[in-house]
Amino acid sequence: MTQASPINRKDQHLDVVLDGRGRHARDAGFDAVRFVHEALPDLDHDKIDLGADFLGRRLKAPLLISAMTGGPARAEAINRRLAEAAQHLGLALAVGSQRAAIQNGAASGLDQALRDRAPDIPLLANIGAAQLTRGFGLDEARRAVEMIGADALVVHLNPLQEACQPEGDRDWWGVGAALEALIPRLGAPIVVKETGAGLSGRTARRLIDMGVAAVDVAGAGGSNWGLIEGERAVDPGDKAHAAVFADWGIRTAHALVDVRRACPEAVVIGSGGVRHGLDAARAIRLGADVAGQAAGVLQAATISTDAVIDHFQIVVRQLRTVCFCTNSANLAALRRASLQPFD
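Residues numbered from 1 in each chain as written. Predicted model: local features only at pLDDT ≥ 70, side-chain atom pairs only at ≥ 80, totals over all residues. Heavy atoms only, no water.

The next thing to look at is the environment of isoleucine 309. Examined against the element boundaries, isoleucine 309 turns out to sit in helix 14 (residues 305-324). Linking isoleucine 309 and alanine 118, residues 191 residues apart in sequence, is a C-alpha distance of 14 Å. When sequence neighbours within four positions are dropped, the list of residues in contact with isoleucine 309 reads Ala85, His88 and Leu89. (Helix = DSSP H or I, 4+ residues; strand = E, 2+ residues; numbered from the N terminus. Contact = heavy atoms within 4.5 Å.)

What follows covers the side chain of glutamate 167. Checked against the element boundaries, glutamate 167 lands in the loop between helix 6 (159-164) and helix 7 (175-182). Residue glutamate 167 is classed as buried on the basis of its relative accessible area of 13%. Among the polar contacts listed, one links the side chain of glutamate 167 to the side chain of arginine 232, at a separation of 2.8 Å. (Buried < 20%, exposed > 50% of the residue type's maximum accessible area, 1.4 Å probe, protein only. Polar contact = N/O pair within 3.5 Å; in protein donor to acceptor, adjacent residues only side chain to side chain.)

Another point: the state of the cysteines. Two cysteines, two sulfur atoms, one covalent bond between them: this is a disulfide. Per the counting criterion, the structure on display carries zero disulfides. No disulfide involves cysteine 325; its nearest neighbouring cysteine sulfur is the one of cysteine 323, lying 9.8 Å away. (Disulfide = S-S within 2.5 Å.)

Evaluation of the coordinates by the stated rule reveals one aromatic pair. Taking the centre distance of 5.6 Å and the plane angle of 75 degrees together, the rings of phenylalanine 245 and tryptophan 248 count as edge-to-face. (Phe/Tyr/Trp six-rings, centres within 6.5 Å; stacked < 30°, edge-to-face > 60°.)

Turning our attention to the pattern of salt bridges. Under the defined criterion, the tally for this structure stands at 16 salt bridges. A salt bridge links arginine 275 to aspartate 31, with the shortest nitrogen-to-oxygen separation between them at 2.6 Å. Placement of arginine 275 in the loop between strand 9 (268-270) and helix 12 (277-286) and of aspartate 31 in the loop between helix 1 (6-18) and strand 1 (52-54) is noted, with a sequence separation of 244 residues between them. Of the charged contacts in the structure, one is a salt bridge between arginine 282 and aspartate 279, with a shortest N-O distance of 2.9 Å. Here arginine 282 and its partner aspartate 279 are both found in helix 12, three residues apart, which amounts to about one turn of the helix. What makes aspartate 279 buried here is its relative accessible area of 0%. One connected set of salt bridges, linked through shared partners, spans Asp31, Arg275, Asp279 and Arg282. (Salt bridge = Lys/Arg side-chain N within 4 Å of Asp/Glu carboxyl O.)

With that settled, the discussion passes to the packing of helix 9 (residues 225-232) against helix 10 (residues 236-243). Contact pair helix 9 / helix 10: the axes reach a minimum separation of 8 Å and the direction vectors enclose 160 degrees. By the angle class used here, helix 9 and helix 10 are roughly antiparallel. Here the hand of the crossing between helix 9 and helix 10 comes out left-handed. For the pair helix 9 and helix 10, the contacting residues are Gly226, Leu227, Gly230 and Glu231 in the first and Lys239, Ala242 and Ala243 in the second. Residues of the contact of helix 9 with helix 10, tallied by class, amount to three nonpolar, two polar and two charged. (Axes fitted to C-alpha atoms, helices over the stretch in contact; angles between N-to-C directions. Parallel < 35°, antiparallel > 145°, perpendicular 65-115°, else oblique. Left-handed = near helix turned anticlockwise from the far one by under 90°. Nonpolar A, V, L, I, M, F, W, Y, C, P; charged D, E, K, R; others polar.)

Backbone geometry at leucine 55 places phi at a positive 55 degrees, although glycine is not the residue there. Inspection of the secondary structure puts leucine 55 in the loop between strand 1 and strand 2 (57-59). Backbone geometry at asparagine 327 places phi at a positive 55 degrees, although glycine is not the residue there. Its place among the elements puts asparagine 327 in the loop between helix 14 and helix 15 (331-334). Residue classification places asparagine 327 among the partly exposed residues on the basis of a relative accessible area of 32%.

Remember, this is a structural readout, not a statement about activity or role.
As C-alpha cells, then:
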C-alpha cells in the first residue's frame, strides 16, 4: 500500500477525531466518582483559589491544554488559538508532536512566535518515545524545546497506536534505555505521557525513578489511537486488527488511583476522557495535580481563540462550583473532599 506522508497522516488523524470516530469503547471511569454534596458551604464562591504550581510557573486553574494538531495549515491556526487562550486564562499548554517540524521544517506554528503569544504559562514541547531509537537523540530533543521556548519536554508513549498504524514503529527494543539516558542530559524537565491507553502504577514508578519531572496517565476513555489508525487504514486486515482494541487500556480514573498510590511524591497529570470541569475535579480528587484535555477542546480550536476561551471558562466555572459544593476553599481541600460509596 502507499504510505501517507507524516503531514497527510496528521490531517487524517484530525479528521477522524473531529468526526467523532476513534473514541474509546469504554468511558474513563469518572462517572463512578461522586462527591458528597455540602449543603451549607462556608465559602465565597468567587474567592475559591484554583491556583496551582506546575513546572515552576503558577496556573490560575489546574488545567493543561493538550494539543492535537494536523498538517501545517491547520496546525498553525490551532496552535495559535490554543496559545492565546492559555495565556489569557493562565493555563498550561502542551503542543502536539514536533517530529515533522524537526525533520521536514514544517513548523506548523511551532516556533518562537508560540512563546511570544504565551509568555507567562507553562509551555511543553513534544516528541515520541519511539523516535529515540530512530535518529532522535539529545540534539533533536533540545531543538524541540528551544524552537518554542518550552519549559519542559513531553515524551509520549504510544505503543498501541504504533502497532495499529500501517506505517507504525513497532520495534521498541531499547526505547526505555534511550529515555533514561536522555533525562539527565537534556537540561530541561521531561514529562512522560501515554496517549489514551493509560499508565499503570508500576510503569509510573519506573519513570519517576528514572528522573522524569511528571507523568500524564492519559488513560482510556477518550480518544483511542488504535481505533483512529484503524479508521484511516485502507487495508481490511489493518482495520480488523485495530477493531479488537476498542476497549483496550486502563481507565483514566483507575490509572490515577494506581499511579498516585505507587508514586505519592510525583507530579501527576490526569488526562483521557476529561469532558468538563466536574471530570477535572474528579481527576484531581483521585490524585492528579493538573487535569488535561485535548479532543474536548479541538472543535473550539478550529473556530477561534474566543471559542477556546469560552470553552475553558465553562470548565473552570464547573470546577469552581464543585469546590463550592464540597466546601473546598482550594485544591488541597478538594483532594480531601468526601466521596459517596461506589455504586
